[in-house]
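# Secondary and tertiary structure notes
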Amino acid sequence: MNKVISDPVFGFIQIPRGLLLDIVKHPLMQRLARIKQLGLTSMVYPGAQHTRFQHSLGAFHLMSEAVRSLQQKGIFIFDSEAEAVQAAILMHDIGHGPFSHVLENTLISGISHEEISLMMMEEINREMNGALTLAISIFRNNYPKRFLHQLISSQLDMDRLDYLRRDSFFTGVTEGNIGSARIIKMLNVVDDQLCVDAKGIYSIENYLTSRRLMYWQVYLHRTTVACEKVLVNVLLRAKHLALSGCDVFATPQLKYFLEHDVDSKWFHEHPEAFENYKLLDDNDIWSSIKVWAHHSDKILALLARNLLERKPFFVEISEEPIGEEQIDELLNRLAAHFGVTKEDAHYLMSLNTMQKDMYSISDDHISIRYNDGTLRDIAEASEILNVQLLSKKIRKYYLCSQRM
């Protein structure tokens, strides 16, 4: 008997008992139920409360559909390979920290969530006596059948197909609602490379357009970015105070990362860093922020209250780089208004460059397969997608600052 889970996006998701259900039940997977998929996006779209656990189950469901569809087209996939690629997609996000990518450049540096995901997979593999060895090989792209890795990580992987559908559903931004079922039915393999049958070209055009809209309308929404910069700065301020010997409340696992400068070398040399990371979720951050709102340090308290009361930084977006003079003037005004030093005023602002391409021709491209067996890149095959527009690099400069 399979385990059946009801999902608001795809309906009933069936998880076979055995290895796959054991992964779902594992504490490191269950931790993802305490981490929101979209971080602080719910400050803009209140419905965006879904978790990384839900996303992992959705990506697993799409992977099951993709494997079945490819097998029906005569692509030979062993049962062991099917189970392994399903296990790999289930765990692809297992190393994510709280609030998506916020932790990667604040509390820890030089180590990505992908690296930590692999560390967690290796640990679970040891617990399961090597049952995940094939899944890890596919995840690392070390397995001879390269198309299996492409189903996990490429321009058209099951990760992207799920998060676009799911994020669109929960935010209510209908432009992101891609035809994932048709895309999966149109998938094929030629020369060990994933491709799309020509009948699916319109679905791919819609997918690429939807992805671009979702990035600028949801993922890089000015208010979402402004809220995330408040969160980054409050964590940096708390870390600065903790390293200076100031008493800063935090849950034990968060406190570890506030009181130590954790980079890749530290993370690998100190086993307790990994153990503390495995216990971190969104609740650690929120619990601490509620206490910081009453801290004696005015900057920490101000930034914490910003988050609790939904008061994001003010945002100016520019098409051109923002000059040093403008930044210096802003720092002077912030320092004078809030009665802090110019150095400390840096915590009350953030300067960021946002860039997202709709489709990178030089990257892992999407190939369209015609009936005669020939392959053409979507940028050449499409009648409505402009190659120059597709590959145009859109860069925006965000200057975020505390409201005065």
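Remember, predicted model here, so these are calculated numbers, not experimental data.

Across its full length, the chain carries 19 helices and 11 strands. The C-alpha atoms of the chain give a radius of gyration of 23 Å, which matches the 22 Å a tight globule of 404 residues would have. Viewed in the frame of its principal axes, the chain has a C-alpha envelope of about 70 × 50 × 35 Å. Expressed as a percentage of the 404 residues in the chain, the buried residues total 58%. Within the chain, contacts between residues separated by at least 24 positions form 71% of all contacts whose residues are at least 6 apart in sequence.

Moving on, we get to the pairing of strand β5 (residues 193–197). Extensive coverage of β5 is indicated by the burial of 4 of its 5 residues. Here strand β4 (residues 187–190) runs beside β5; their pairing, made up of 4 bridges, is antiparallel. Opposite valine 189, over in β5, you have leucine 194 as the bridge partner.

What follows deals with unusual backbone geometry. Both trends apply: most residues other than glycine have a negative phi, and most peptide bonds are in trans. Phi is positive for asparagine 129, close to 55°, though the residue is something other than glycine. Within the secondary structure, asparagine 129 is located in the loop between α5 (113–127) and α6 (133–139). We note that aspartate 192 has phi near 65°; this positive angle belongs to a residue other than glycine.

Here we come to the layout of surface pockets. Quantified by volume, the largest pocket comes out at close to 1,200 Å³. Lining the largest pocket are 45 residues; nearest its centre among them are Arg52, His96, Ser100, His101 and Tyr215. Where the lining of the largest pocket is concerned, the elements lending two or more residues are α3 (52–72), α5, α7 (146–152), α8 (158–171), α10 (201–219), α11 (222–243) and β8 (349–356). For the lining of the largest pocket, a count of residues per class yields 14 nonpolar, 20 polar and 11 charged. Its boundaries defined by the atoms lining it, the second largest pocket holds a volume of some 270 Å³. The wall of the second largest pocket is formed by 16 residues, among which Gln14, Pro16, Ser64, Arg68 and Gln86 lie closest to the centre. Elements represented by at least two residues in the lining of the second largest pocket include exactly β2 (11–15), α3 and α4 (79–90). Among the elements that take part in the lining of the second largest pocket, α3 stands out by supplying 7 residues, more than any other.

What follows covers the environment of tyrosine 397. Among the secondary structure elements, tyrosine 397 is positioned in strand β11 (residues 394–401). Taking the C-alpha atoms as reference, tyrosine 397 lies 6.8 Å from glutamate 320; in sequence the two are 77 residues apart. Residues within four places of tyrosine 397 in sequence aside, it is in contact with Glu316, Ile317, Ser318, Glu319, Glu320, Pro321, Ile322, Asn352 and Thr353.

Right, let's get into the side chain of glutamine 37. Assignment of secondary structure puts glutamine 37 in the loop between α2 (27–30) and α3. Under the relative-accessibility criterion, glutamine 37 is labelled buried at 6%. Side chain to side chain, glutamine 37 and arginine 52 meet in a polar contact 3.3 Å long. Sequence-distant contacts of glutamine 37, defined by excluding residues within four places in its chain, comprise His50, Thr51, Arg52, His55, Ser100, Tyr163 and Asp167.

One way to see where empty space is left: roll a probe the size of a water molecule over the atoms. Applying the stated criterion across every chain yields a total of 1 cavity of 30 Å³ or more. Approximately 80 Å³ is the volume attributed to the largest cavity. For the largest cavity, the lining is made up of 12 residues, of which Ser154, Leu156, Leu194, His365 and Ile366 are closest to its centre. Considering each element in turn, the lining of the largest cavity owes the most residues, 3 residues, to β5. Tallied by class, residues from the lining of the largest cavity come to 6 nonpolar, 5 polar and 1 charged.

The subject of this paragraph is the pattern of salt bridges. As enumerated under the stated definition, the model contains 19 salt bridges in all. Here aspartate 162 makes a salt bridge to arginine 166, at a shortest N to O gap of 3.0 Å. Within this pair, aspartate 162 and its partner arginine 166 are both found in helix α8, separated by 4 residues, close to a single helical turn. A cluster of three or more residues bridged by salt bridges with shared partners is formed by Asp7, Asp162 and Arg166.

The subject of this paragraph is the sheet that holds strand β7 (residues 314–318). Pairing is antiparallel in the open sheet, where 3 strands are placed in the order β7-β11-β8. Each edge of the sheet is formed by a strand with only one pairing partner; in this case those strands are β7 and β8. The mean angle between the axes of side-by-side strands here comes to 20°, regardless of whether they run parallel or antiparallel. Here 8 bridges tie β8 to β11, and the two strands are oriented antiparallel to one another. Across the sheet, the residue bridging to methionine 354 is lysine 396, located in β11.

This part covers the packing of aromatic side chains. This structure, assessed with the given rule, holds 9 aromatic pairs. For the pair phenylalanine 169 and phenylalanine 170, a centre-to-centre distance of 5.0 Å together with 80° between the ring planes defines the contact as edge-to-face. Looking at phenylalanine 170, the relative accessible area reads 18%, which means it is buried. For the pair tyrosine 215 and tyrosine 219, a centre-to-centre distance of 4.9 Å together with 70° between the ring planes defines the contact as edge-to-face. Of the two residues, tyrosine 215 and tyrosine 219 both sit in helix α10, 4 residues apart, roughly one turn of that helix. Of the two residues, tyrosine 215 and tyrosine 219, neither departs from the other in class, the shared state being buried. The structure contains a cluster of three or more aromatic residues connected by ring pairs, namely Tyr256, Phe257, Phe267, Phe274 and Tyr277. Against the face of phenylalanine 274 rests lysine 278, its NZ or CZ located 4.9 Å from the ring centre. Lying over the aromatic face of tryptophan 216, lysine 396 brings its terminal NZ or CZ to 4.3 Å of the ring centre.

Criteria and thresholds
- Residues numbered from 1 in each chain as written.
- Predicted model: local features only at pLDDT ≥ 70, side-chain atom pairs only at ≥ 80, totals over all residues.
- Heavy atoms only, no water.
- Helix = DSSP H or I, 4+ residues; strand = E, 2+ residues; numbered from the N terminus.
- Rg over C-alpha atoms; globule rule 2.2 N^0.38 Å.
- Buried < 20%, exposed > 50% of the residue type's maximum accessible area, 1.4 Å probe, protein only.
- Contact = heavy atoms within 4.5 Å.
- Pairing = 2+ DSSP bridges.
- 1 Å grid on protein atoms, 1.4 Å probe; cavity = no way out; pocket = protein on both sides within 12 Å on 5 of 7 lines; lining within 4 Å.
- Points joined across faces, edges and corners; volume = space filled by probe spheres on them.
- Nonpolar A, V, L, I, M, F, W, Y, C, P; charged D, E, K, R; others polar.
- Polar contact = N/O pair within 3.5 Å; in protein donor to acceptor, adjacent residues only side chain to side chain.
- Salt bridge = Lys/Arg side-chain N within 4 Å of Asp/Glu carboxyl O.
- Axes fitted to C-alpha atoms, helices over the stretch in contact; angles between N-to-C directions.
- Phe/Tyr/Trp six-rings, centres within 6.5 Å; stacked < 30°, edge-to-face > 60°.
- Lys NZ or Arg CZ within 6 Å of the ring centre and 35° of its normal.

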